[in-house]
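Structural overview for review
These are the residues of each chain, in order.
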Amino acid sequence: MKFGLGQFTLQIPPWDKRSHAQLYADTLEHARHAERVGFDSFWLAEHHGASDGYIPALLPFLSAVAAKTERLEIGTAVMLSPFHNPLRVAEDAAVLDNISGGRLNLGLGLGWVPEEYRMFGVPTKGRGRRLEEFVEVLRLAWTGERFTYKGRMLSYEDVLIRPAPAHKIPIWLGGGSAPALERAARMGDGHFPTSTGAPSDSFARAKEMLEIRKRLGVSGPYRSGMFIPIGIGADPDDGWAKIRDGILHVRGSYAMWGQGKLDVTGARDEAAKWEDAVRAATICGSPEQIVDTLAPHVRELDSLGLEDAFVSAILAPPGTQSDVAAASVETFGTKIIPALRG
């Protein structure tokens, strides 16, 4: 079982007066800190055109994380493939994988915000097929040999991508619809569950993915896990208070984008309307309470025999001040991870 930090969205809500330069510097220090105290991985999410600066460029930031760490795996959860050129991603990912010494995980998804599709002039029709071809092109590109590819959506004639990656980059696929789950089972090296569900949902989804692979006749190792907002405090209420505003800002942003709103200044208040439901998908409390709550889910996930099973803690949602985030990283790494490994 591995333990991650993130996904980080690197949004700046109204109450956070830091610049993005300072937020990025703080987050890079959290990555270094996480490695020192026993975390295994670091994850970023992606969106575009967000009024609060939700990070749109994952690989450049992960290059900085790679340069400041030595063993921490780094990953996208997820990169929104419709808004990227697959050859460019193949090149950038290969360079990053070499910089990191073979630590990159590439998670891909389709996105859903209409504004992003409008912004990039990308049609939504056929996007699932385009993602499949995107994955096929990446795998051909990373062989380091010339290739020709003729698909319905993508086509390349006699192209070469070098350098090759330092290792076989795992491709994780996101999505929760039936076609997305089948695609992830058939083509992906792993599947990302939603970060808005309960831990038991992630276990159920991982089990379902293995069943789909069996039905499709797909064999070989597979990866899955869970992203969980975790608030560490004296008790559950104190823990929730530590992450409440940031988690509500993220959830409210998604809701407002779905409503076609471009300014998410009021996202926290928007999500407060269903705060109880949002809190129900978090784990909050003292370190001992968090271990007691997480341990059964860790055992369940570990029992599936996945090649790579992970629990990634969202400890520093948007607006979390650096000292509070650092304390949570320290506590999770030195108290909670050892107890869960045991």
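These remarks concern the structure in this document. Along each chain, the written sequence defines residue order, and numbers are assigned to residues from 1. Per-residue local features of the predicted model are confined to residues with pLDDT of at least 70, and side-chain atom pairs are confined, for both listing and counting, to 80 or more; whole-chain, interface and lining totals are unaffected and use all residues. Only hydrogens and water are set aside when side-chain values are computed; all heavy atoms of the structure are taken into account.

Every helix listed is a DSSP run of H or I at least four residues long, and every strand listed is a run of E at least two residues long, numbered separately from the N terminus. Of the regular secondary structure elements, the chain holds twelve helices and eleven strands. Across its three principal directions, the C-alpha atoms of the chain cover 60 × 45 × 40 Å. When accessible area is computed with a 1.4 Å probe and restricted to protein chains, residues below 20% of their type maximum are described as buried, those above 50% as exposed, and intermediate ones as partly exposed. Expressed as a percentage of its 342 residues, the buried residues of the chain come to 57%. Contact criterion: two residues are considered in contact whenever any of their non-hydrogen atoms come within 4.5 Å of each other. Residue pairs in contact within the chain that sit at least 24 positions apart in sequence constitute 72% of those at least 6 positions apart. Put simply, the chain shows about 13,900 Å² of open surface, and 51% of that area lies on carbon and sulfur atoms. Each accessible area is a Shrake-Rupley estimate made with a 1.4 Å probe; only the visible protein chains count as cover when residues are assessed.

Turning next to unusual backbone geometry. Note that the residue after Ala77, namely Val78, is joined by a cis bond; omega there is 5°. At Leu10, a position not held by glycine, the phi torsion is positive, near 55°. Inspection of the secondary structure assignment puts Leu10 in the loop between β1 (2-8) and α1 (20-36). On the basis of relative accessible area, Leu10 is assigned to the buried category, the value being 4%. The phi torsion at Asp158 lies on the positive side, around 50°, for a residue other than glycine. Structurally, Asp158 is set in strand β6 (residues 155-159).

The next point concerns the side chain of Arg183. With respect to the helices and strands, the residue Arg183 is situated in helix α6 (residues 178-187). Residue classification places Arg183 among the buried positions, given a relative accessible area of 9%. If near-sequence neighbours (up to four positions away) are discounted, Arg183 is found in contact with Leu110, Gly128, Leu131, Glu132, Leu173 and Gly188.

Right, let's talk about the pairing of strand β2 (residues 41-44) for a bit. Across a regular strand the side chains alternate sides, sitting on one face of the sheet and then on the other. Burial of β2 is two-sided: the residues Ser41 and Trp43 facing one way and the residues Phe42 and Leu44 facing the other way are all buried. Strands pair, by our definition, only if DSSP identifies at least two bridges between them. Pairing geometry for β1 and β2, over three bridges, is parallel. Looking across to β2, one finds that Phe8 is bridged to Leu44. Regarding the hand of the β-α-β motif, the stretch spanning β1, α1 and β2 is right-handed. Bridge analysis of β2 against strand β3 (residues 73-80) gives four bridges, and the strand direction is parallel. Its bridge partner being in β3, Ser41 is matched across the sheet by Glu73. By definition, the crossover connecting two strands over a helix is right-handed if that path, from the first strand to the second, turns clockwise as seen with the strands pointing away from the viewer.

Turning our eyes to something else, we now look at the packing of helix α3 (residues 86-100) against helix α5 (residues 127-141). Between the N-to-C directions of two axes lies an angle of 0 to 180 degrees, each axis being a line fitted to C-alpha atoms and, for a helix, fitted only over the stretch in contact. At their nearest, the axes of α3 and α5 sit 9 Å apart, and the two run at 45° to each other. With respect to α5, the axis of α3 lies oblique. Pair α3 / α5 crosses with right-handed handedness. Contacts between α3 and α5 involve Pro86, Leu87, Val89 and Ala90 on the former and, on the latter, Phe134, Val137, Leu138 and Ala141. Ten residue types, Ala, Val, Leu, Ile, Met, Phe, Trp, Tyr, Cys and Pro, are classed as nonpolar, four, Asp, Glu, Lys and Arg, as charged, and the remainder, Gly among them, as polar. Taken together, the residues that form the contact of α3 with α5 break down as eight nonpolar, no polar and no charged. To sort the angles, those under 35 degrees are grouped as roughly parallel, those over 145 as roughly antiparallel, those from 65 to 115 as roughly perpendicular, and the leftovers as oblique. Less than a right angle of anticlockwise turn of the near helix away from the far helix marks a crossing as left-handed, whereas a clockwise turn marks it as right-handed.

Let us now look at the packing of aromatic side chains. For Phe, Tyr and Trp, rings pair up if their centres lie within 6.5 Å, where Trp contributes its six-membered ring, and each pair is then called stacked (planes under 30 degrees apart), edge-to-face (over 60) or tilted (otherwise). Taken as a whole and assessed by the stated rule, the structure comprises 19 aromatic pairs. Aromatic pair Tyr24 and Phe61: ring centres 5.2 Å apart, planes at 85°, arrangement edge-to-face. Of the two residues, Tyr24 sits in helix α1 while Phe61 sits in helix α2 (residues 58-68), which places them 37 residues apart along the sequence. Given the relative accessible area of 26%, Tyr24 is considered partly exposed. Ring centres 5.4 Å apart and planes at 85° place the aromatic pair Trp43 and Phe192 in the edge-to-face group. Of this pair, Trp43 sits in strand β2 while Phe192 sits in the loop between β8 (190-191) and α7 (199-216), placing them 149 residues apart in sequence. Taken as a pair, Trp43 and Phe192 share a single burial class, namely buried. Site record: aromatic cluster; members linked through ring pairs are Trp43, Trp172, Phe192, Phe227 and Phe310.

Looking now at the pattern of salt bridges. The rule for a salt bridge is simple: a side-chain nitrogen of Lys or Arg has to be within 4 Å of a carboxyl oxygen of Asp or Glu. Under the criterion given, the structure shown has 28 salt bridges. Where Glu132 meets Arg183, a salt bridge forms, and the shortest distance between an N and an O atom there is 3.5 Å. Of the two residues, Glu132 sits in helix α5 while Arg183 sits in helix α6, which places them 51 residues apart along the sequence. Beyond isolated ion pairs, a larger network of salt bridges with shared partners links Lys2, Glu73, Arg223, Glu307 and Asp308.

Next up on the list: the nonpolar core. Nonpolar cores are built from buried Ala, Val, Leu, Ile, Met, Phe, Trp, Tyr and Cys residues. Side-chain atoms within 4.5 Å join them into one set. One finds Phe39, Phe42, Leu108, Ile230 and Phe332 to be the most contacted residues of the largest nonpolar core, which totals 99 residues. Not counting chain neighbours up to four residues away, the residues in contact with Phe42 comprise Leu5, Phe8, Thr27, Ala31, Phe61, Leu62, Val65, Leu72, Glu73, Ile74 and Gly75. Judged by nonpolar contacts, the second largest core, of eight residues, contains Ala50, Val113, Trp257 and Ala267.

Here the focus is the pairing of strand β9 (residues 223-232). Here β9 lies mainly inside the structure; ten of its ten residues are buried. Neither face of β9 is left uncovered, since the one carrying Arg223, Gly225, Phe227, Pro229 and Gly231 and the one carrying Ser224, Met226, Ile228, Ile230 and Ile232 both have all their residues buried. The pairing of β9 with strand β11 (residues 308-314) spans seven bridges and is parallel. By the bridge assignment for β11, Arg223 is matched with Asp308.

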